[in-house]
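Read off the chains here:
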Amino acid sequence: MSFNHNKIEEHCGIIGISCNDFSYSVANSIYTGLMAIQHRGQLFSGISTTNSDGKITTYKDFGLVSNVFKVKKIKFFSGNVGIGHVAYGSLENSNIDNAQPYYHKSDLVEFSLALNGTITNFNEIKERLINMGKVFISNSDVELIVTMIETFFRSSESMLEALKLLMNIVKGAFCLVLLTNEGELYVMRDPIGYKPLCYGIREEENRKFFIVSSESCAIDAMEGILKGDIKPGEIVNFHPLKGLKKYQILSRKRHGICQYEFVYFARPDSIINGISVADVRYRLGINLAQSDLKFNPDNTIVVPVPDSGRSAAMGYAWGSKIPYQEGLMKNRYLWQIKSDPNEKLNPVKPIVEGKEVILVDDSMISGVTMKKIILMLRKAGAVAIHVRIACPPIVNSCQINSSFSNKELLIAYQKRKLNRKDLVDEICNDIQANSLKFQTNENLIKSIGLKKNFVCYACVEDKILKKEKKVIELIQ
Ligand code: SF4
């Protein structure tokens, strides 16, 4: 599903890899890693590598990884250290100059950078830099970060010191990988840790690789072994010969991995903060099944909205003892940008005909897609459709995931002044379901399995409505 109509999208995925064999080219491994995190962005793809001569090579373009990097393009890279990036965005507002990795060279420093993030004090920092005489050619977060690094590097001539200063000044949600022309990798995660960032190693007979990625599924794909997460507020430096050095720059009592990573953004085969995304989704389904209506198991089936509702639907089926059936077929050759459910989904008539369907999805944004799916299932002969949503209602917008900032799109936000029962009844009526149930906040946190003050769930938190605060201010 896509934000174009009614669904939010994660904005970026990043990869970094370093090999201690200077004759080895890491471009193919980066390609494999980017393919594994393609779900985090489908508009741009890019790779940068540094070779033993200190030459940084960068290529990026509009499109999926497999379209941008044909075999010839991969051969064009050389170098044992590299980074990669996939990004989401809208074609109308996108400019190839904003694609990443972002290569930068001045008289003093040369590097390439890939950023996954949203800088919330962007305007304030940019104004300060403009007052210092800095010139910008775009309005992108990545250009701002690059300009800050260049500025800070001038005073210390140390990349580590420049990044430490950056960490202390920038607010928001960000993870970055930076590649120098000297073949060093720097990795950084914001002090709250909104976005996931993990690392692993790969060992072959004569080679050792350090790998960093937005999601562990890419480390698996790159044949690495997951070692852990980059900690919130941490900078990690990796040199092909000297190895790994970690620097804990900021330590906060409050962390806030985005709950929506577990609910929707991340791939189910990823491990975030040591927790399996698939397990969380399964538990979300089990919890939804608790104290639900009593259905006749002989005439009722649990059907997922593929693919993101699948793990929760399996959990629901297990928890309710109602059979699980794939009653909706997804066209796997349409990427998320193509969002119309009529193009993407088709009901399996022999499965749904004459049945009460418990339809399970990860979350509900505008309700437009869900309404279309319900209509489809009714046309295919389903006698009743009971919608079960693995995430609580999204009652607040979020500046961190900027495509989630449009309040007008959020059906629950529009009805936020209603009490919870009326809000659910109205949405149920709007989407023309027979019944509707959302996850509770308590069960969301329980399913994730982290302490409350280690998860951001501000977009589903009622009390924020009363305070009318920006969600990011509540955490920082
Ligand atoms: S407010 Fe919601 S979408 Fe935004 S970071 Fe927090 S959990 Fe994620």
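Basis of the calculations
- Residues numbered from 1 in each chain as written.
- Predicted model: local features only at pLDDT ≥ 70, side-chain atom pairs only at ≥ 80, totals over all residues.
- Heavy atoms only, no water.
- Phe/Tyr/Trp six-rings, centres within 6.5 Å; stacked < 30°, edge-to-face > 60°.
- Helix = DSSP H or I, 4+ residues; strand = E, 2+ residues; numbered from the N terminus.
- Buried < 20%, exposed > 50% of the residue type's maximum accessible area, 1.4 Å probe, protein only.
- Axes fitted to C-alpha atoms, helices over the stretch in contact; angles between N-to-C directions.
- Parallel < 35°, antiparallel > 145°, perpendicular 65-115°, else oblique.
- Left-handed = near helix turned anticlockwise from the far one by under 90°.
- Contact = heavy atoms within 4.5 Å.
- Nonpolar A, V, L, I, M, F, W, Y, C, P; charged D, E, K, R; others polar.
- pLDDT = per-residue confidence, 0-100.
- Pairing = 2+ DSSP bridges.

Participant: Could you give an account of the packing of aromatic side chains, naming the residues involved and the relevant values?
Facilitator: One pass over the structure, following the stated rule, counts 11 aromatic pairs. A ring pair is formed by Y59 and F76, whose centres lie 6.5 Å apart and whose planes are at 80°; its orientation type is edge-to-face. Of the two residues, Y59 is situated in strand β3 (residues 56–62) and F76 in the loop between α3 (71–75) and β4 (81–87); the sequence distance between them amounts to 17 residues. A relative accessible area of 22% places Y59 in the partly exposed class. With a centroid separation of 5.6 Å and an interplanar angle of 45°, the aromatic rings of Y260 and Y264 are classed as tilted. Taken as a pair, Y260 and Y264 lie in helix α8 (residues 259–265) at a separation of 4 residues, close to a single helical turn.

Participant: Residues and numbers for the packing of helix α5 (residues 141–156) against helix α6 (residues 159–169), please.
Facilitator: For the pair α5 and α6, the least separation of the axes is 8 Å and the interaxial angle reads 125°. With respect to each other, α5 and α6 are oriented oblique. The hand of the α5/α6 crossing is right-handed. Across the interface between the two elements, I145, M148, I149, F152, F153 and S156 from α5 touch M159, E161, A162, L163, L165, L166 and I169 from α6. Its residues placed into classes, the contact of α5 with α6 shows 11 nonpolar, 1 polar and 1 charged.

Participant: Tell me about the confidence of the model for the protein chain, residues and numbers included.
Facilitator: Of all residues in the protein chain, 91% have pLDDT values of 70 or greater, and the mean over the chain is 91. The low-confidence segment residues 465–469 (pLDDT under 50) makes 6 contacts with residues lying over four places distant or belonging to another chain.

Participant: So, the sheet that holds β3: which residues are in play, and what are the values?
Facilitator: What the 7 strands build is an open sheet, ordered β3-β2-β4-β1-β10-β9-β11; its pairing is antiparallel. Edge positions in the sheet fall to β3 and β11 (225–229), since each has one partner strand and no second. Adjacent strand axes in the sheet meet at a mean angle of 15° when their direction is disregarded. This element, helix α1 (residues 27–36), spans β1 (12–19), β2 (44–50), β4 and β9 (198–203) of the sheet and lies at about 150° to β2.

Participant: Run through the sheet that holds strand β7 (residues 172–180), naming residues and quoting values.
Facilitator: The strand order across the open sheet built from 6 strands is β5-β6-β7-β8-β12-β13, with neighbouring strands paired in antiparallel fashion. Either end of the sheet is taken by a strand with one partner, and the two such strands are β5 (102–105) and β13 (243–248). Across the sheet, the axes of successive neighbouring strands diverge by a mean angle of 20°, strand direction being ignored. One ladder, built from 5 bridges, connects β7 with strand β8 (residues 185–189); its direction is antiparallel. In the strand pairing of β8, L176 is matched with M188. Sitting on the sheet, α5 touches β5, β6 (110–119) and β7, and the angle it makes with β6 is about 130°. Sitting on the sheet, α6 is in contact with β6, β7, β8, β12 (234–239) and β13, with an inclination near 15° to β8.

Participant: With reference to specific residues and values, describe the pairing of β9.
Facilitator: On a regular strand, one side chain projects to one face of the sheet and the next to the other, so that they alternate. Burial of β9 is extensive: 5 of the 6 residues sit out of reach of the surface. Note: β9 against β11, 4 bridges, orientation antiparallel. Across the sheet, residue G200 finds its bridge partner in β11, namely L226. Relative to strand β10 (residues 208–213), β9 runs antiparallel, the two sharing 6 bridges. What sits directly across from Y199, in β10, is V212. Counted along the chain from β9 to the antiparallel partner β10, the turn is 4 residues long.

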